[in-house]
Amino acid sequence: MNKIVETNRLVIREFEEEDISSLYEIESDRRLLEFIPWYKLSTLSECRRQLRRIIEKNRKDQLNSWAVTLKDTGEVIGITQLMYSNKIKAVEIGTKILPEYWSKGYASELTRAVIEYGLYELEIDEIVAITDINNVGAIKSLENCGMKFKKYGYYNGSESVFYSAVRE
């Protein structure tokens, strides 16, 4: 297991082949797709192909998608990523957490840790987060982890809010 970052309750690590069922559970949960309908992996074979791409990319690139696991049990409860987005010409952070772990502070905890990793370990100047303007939970999480409102706009056809964290 190659650990990216660790918090009090979570370990963010590279994905492994054995994570396929967890990835599928996350990617096929309709509640997670409500605010990101443009990105879904609806079959196990699509998830398997995506997992292979993620694992291969880990060998070449520091920006990628990672598994979010509970520190005590190792259970995969979500996905987080730092990816360069050509659409916004910036590094974007994204997170998906299984609904049974919502409202427990995990999203803010992991976002804070991944932002710090990106800004200070990878020396990225700015990290942007984008969410649907109706995704109240995500907006609260972004504000809780110290990201600052940047602007309103459209992203993948959805009215969205943009937040930013800048290296000081």
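Since the structure is predicted, the reported quantities are computational estimates derived from the model, not experimental observations. (Residues numbered from 1 in each chain as written. Predicted model: local features only at pLDDT ≥ 70, side-chain atom pairs only at ≥ 80, totals over all residues. Heavy atoms only, no water.)

Draft legend 1. Summary view of a positive patch on the surface. A contiguous patch of positive charge on the surface is contributed by R48, R49, R52 and R53. Within the secondary structure, R52 sits in helix α3 (residues 44-58). Given the relative accessible area of 45%, R52 is considered partly exposed. (Patch = residues over 30% accessible without salt bridge, like charges linked within 9 Å, V, L, I, M, F, W, Y side chains within 5 Å. Areas by Shrake-Rupley, 256 points an atom, 1.4 Å probe, with all protein chains shown as cover. Salt bridge = Lys/Arg side-chain N within 4 Å of Asp/Glu carboxyl O. Lys, Arg positive; Asp, Glu negative; His and termini not counted. Charge placed at Lys NZ, Arg CZ, Asp CG, Glu CD. Helix = DSSP H or I, 4+ residues; strand = E, 2+ residues; numbered from the N terminus. Buried < 20%, exposed > 50% of the residue type's maximum accessible area, 1.4 Å probe, protein only.)

Draft legend 2. Local environment of the pairing of strand β5 (residues 90-97). Counting buried residues in β5 gives 6 out of 8 residues, a clear majority hidden from the surface. Where strand β4 (residues 76-85) and β5 come together, 8 bridges link them in antiparallel fashion. The partner of T80 across the bridge, within β5, is T95. Taken together, β4 and the strand that follows it, β5, pair antiparallel across an intervening segment of 4 residues, in which K89 is found at a positive phi of about 55 degrees. Both β5 and strand β6 (residues 126-132) contribute to a ladder of 2 bridges, which runs parallel. If you follow E92 over to β6, its bridge partner there is V128. (Pairing = 2+ DSSP bridges.)

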